[in-house]
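Here's the letter readout for the chains.
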Amino acid sequence: MELSEHIKTANVEEVTLRRPFHPALRGTLCVTSHHLLFSDRKDEASWQLLILLRNIDAIEKSVENLFGYPRTVGSSGTITIKCKDLLVLQLEIPGMEECLNIASSIEALSALESVTEMYPFFYRPSHLTLHGTWGLTSTEQYYKQTERLCVSTAVCVCVCEQWDRWRVSTVNSDYTVCPSYPCAVIVPREVDDEKLVQSARFRQGGRFPVLSYCHHRNGMVIMRSSQPLTGANRKRCKEDELLLQAVIDGSVLGYIIDLRSAQQAQQAWMTGGGFESKSSYRHWKRIHRHHERGKVLQESLIKLVEACSDPSHSVDRWLSKLENSKWLSHVHSALSTAGLVVECVERDGHSVLVHGSEGTDSTLLVSSLAQLILDPASRTFTGFLCLLERDWIQAGHPFQQRCAHSAFSHARLKQECPSFLLLLDCVWQVWRQFPLALEFSEALLLRLAQEVYASNYGTFLCNNEQERCAAGVKENTHCLFQSLLSPDIEEQYLNPLYEPNDLTIWPSVHPQSLQLWTGLFLRWTEYAQNMEEAREEVWSIVKEHREKAGPNQTNNTPSTHCDTLTPFENLMDELTIL
């Protein structure tokens, strides 16, 4: 079926558009295969609104008015559009038949299931080309970069020796060993591919333990996998045991951070899953840290957005609904567990294996947050995007299933879960507590929160590398991360206060230290608009100070000339006034 066949009415004149905190506009509404276009053509300087249909989470046909405006005389139908980026619009359409046709077209085109019919396969901007390398990094490149880093920054020879114990394996080159892993993974050198195959058969979904990060200061590593399939008969896999033994060879102890409660792990053991027993993995200590996922996390997001969307609450009721959503509790759990991983690696000097059940959600959340805290390279603009590409996209987070709907949709799917959105919220908490430590700004996190649900780019399409290869994503779509690194675009997302810091940062997880991410959840309010104006003012102040500092002080390098650079304290005083 052609996409155009879903369009029952392509154009409607005299449509009234209403948005919160904006005056109503009357113009022409157009429906295309991938976009909804509203155009106000009253004068030469016409105003347009373009919405990617994939961004629409739910539509409601109603004669009532969402924002309390008096209805226009003669209007026959009202459509309320609720977007995945939490924007809510209202369209008053003359003619009931036209209204129903528009609604039907939007519902069909916003829920396309075929990946190749989605807009990234049709998006062809003039400044981008489909030729060349797709993406920022690969497993092989990360292996070489880590090797160079260990050699150049190692405090002792043993760190280099530790890295020599690892290799790149292409055992999954045809995706038969693990459908959700990339072609190449990093594993202990002494474990051959046949042992990896046996370990994969012993792990849910074939996700055997692979390296996620090597700490360049002591050579300890963060591994990730899925749960072992021990089952009620307590099955063992010697190859899996040897693999994990090889990870800590020469060390006294390793830690397994199981992202389930002990009770949940026991329940999984009764249904075919399980956990690593002390007798079989004698040099590994298991720690349980309960993390919610799936439906529970999705419902938490729905409750939070519902609370943020209703301006009629009293203070007590607002605080009660915010607490009942438990979203900040999930933020706390993720950050505290990531901190535990960092303590094991950085302070105690032990390697860590992180896993829950499937190893595709909370596992990736915790391991990537731990890297952000540990690794200064992951806190740069490019390094952060590489981290997301390596530990989320290539690692097999099922974006198409998890991000099919946001918080407004009435059609709930079992696979939906805002794990990636939770990651971005946690990163925002770190950014807020350490405003100088991250090279990127909140604007990048907001952009990613929007792109993951609806995008012009193919970066977040499909559920794993195998599906992307089958659909031809790399050959026929553009990469979001490469576009963000374009010089003219990158500047929009840089942190003007960034100062490189080679140390581990330790975010606080005390309740009073965690805040609601207002930039996202209150994005379409007057408060958010005021914050955007404040950010622009920050940029202008920083640029002014840089110009005063001169060309020699633009690299975040401390100045030795007090008369040519305004002290940093004075700059912070000016920003505090905002």
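You'll find the structure just up there.
Worth saying up front: this structure is predicted, and the values here are computed from it rather than measured. Per-chain numbering applies: the sequence of each chain, read as written, is numbered from 1 onward. For this predicted model, a pLDDT threshold of at least 70 governs which residues receive local features, and a threshold of 80 or more governs which side-chain atom pairs are given and counted, while totals over whole chains, interfaces and linings are taken from all residues. With hydrogens and water stripped out, all remaining heavy atoms of the structure feed into the side-chain values.

Section: the state of the cysteines
Cysteine sulfur atoms that pair up within 2.5 Å are treated as a disulfide. All chains considered together, the criterion is met by 0 disulfides. With no disulfide of its own, C462 has C469 as its nearest cysteine by sulfur position, at a separation of 9.4 Å.

Side note on empty space enclosed by the protein
The pocket and cavity definitions rest on a 1 Å grid over protein atoms only: a 1.4 Å probe that fits but cannot leave marks a cavity, an open set with protein on both sides within 12 Å along at least five of seven lines marks a pocket, and residues lining either have an atom within 4 Å of a point. Grid points are joined across faces, edges and corners, and a volume is the space filled by probe spheres set on the points. In the structure shown here, the tally under the stated rule is 7 cavities of 30 Å³ or more. Of the volumes computed, that of the largest cavity is approximately 210 Å³. R54, M118, Y453, F460 and L461 are, among the 18 residues lining the largest cavity, the residues nearest its centre. Looking at side-chain class alone, the lining of the largest cavity contains 14 nonpolar, 2 polar and 2 charged residues. Only DSSP runs of H or I reaching four residues or more are called helices, and only runs of E reaching two or more are called strands; each is numbered from the N terminus. Elements supplying a minimum of two residues to the lining of the second largest cavity: α2 (139-153), β9 (185-188) and β10 (210-214). No other element matches the 3 residues that β10 contributes to the lining of the second largest cavity. Here the lining of the second largest cavity is built from residues that sort into 9 nonpolar, 4 polar and 2 charged. When residues are sorted by character, Ala, Val, Leu, Ile, Met, Phe, Trp, Tyr, Cys and Pro go into the nonpolar class, Asp, Glu, Lys and Arg into the charged class, and all the rest, Gly among them, into the polar class.

Focus: the environment of E2
Structurally, E2 can be placed in the segment before β1 (11-18). Each C-alpha atom, one on E2 and one on S33, is 9.3 Å from the other, the two residues being 31 residues apart in sequence.

A closer look at the packing of helix α11 (residues 381-393) against helix α13 (residues 419-433)
Between N-to-C directions, angles cover 0 to 180 degrees, with each direction set by a line fitted to C-alpha atoms, over the stretch in contact for helices. Close contact between α11 and α13 brings their axes to 13 Å; oriented N to C, the two are set at 150°. The pairing of α11 with α13 is recorded here as roughly antiparallel in orientation. Crossing geometry of α11 relative to α13 is assigned as right-handed. Touching F384, L388 and W392 of α11 are S419, F420, L423 and V427, all from α13. The residue inventory of the contact of α11 with α13, partitioned by class, reads 6 nonpolar, 1 polar and no charged. What sets the label is the angle itself: under 35 degrees gives roughly parallel, over 145 gives roughly antiparallel, 65 to 115 gives roughly perpendicular, and the rest give oblique. By definition, turning the near helix anticlockwise from the far helix through less than a right angle yields a left-handed crossing, and turning it clockwise yields a right-handed one. Residue contacts follow a heavy-atom distance rule, with two residues in contact if any of their heavy atoms lie within 4.5 Å.

Some words on the pairing of β1
Relative to strand β2 (residues 25-31), β1 runs antiparallel, the two sharing 5 bridges. Residue pairing across strands places V15 opposite G27, the latter belonging to β2. For two strands to be treated as a pair, DSSP must find no fewer than two bridges joining them. As consecutive antiparallel partners, β1 and β2 are separated by 6 residues, and within that stretch F21 has a phi angle of approximately 65°, a positive value. Two elements, β1 and strand β7 (residues 88-93), share 3 bridges in a ladder whose sense is antiparallel. Residue pairing across strands places L17 opposite L91, the latter belonging to β7.

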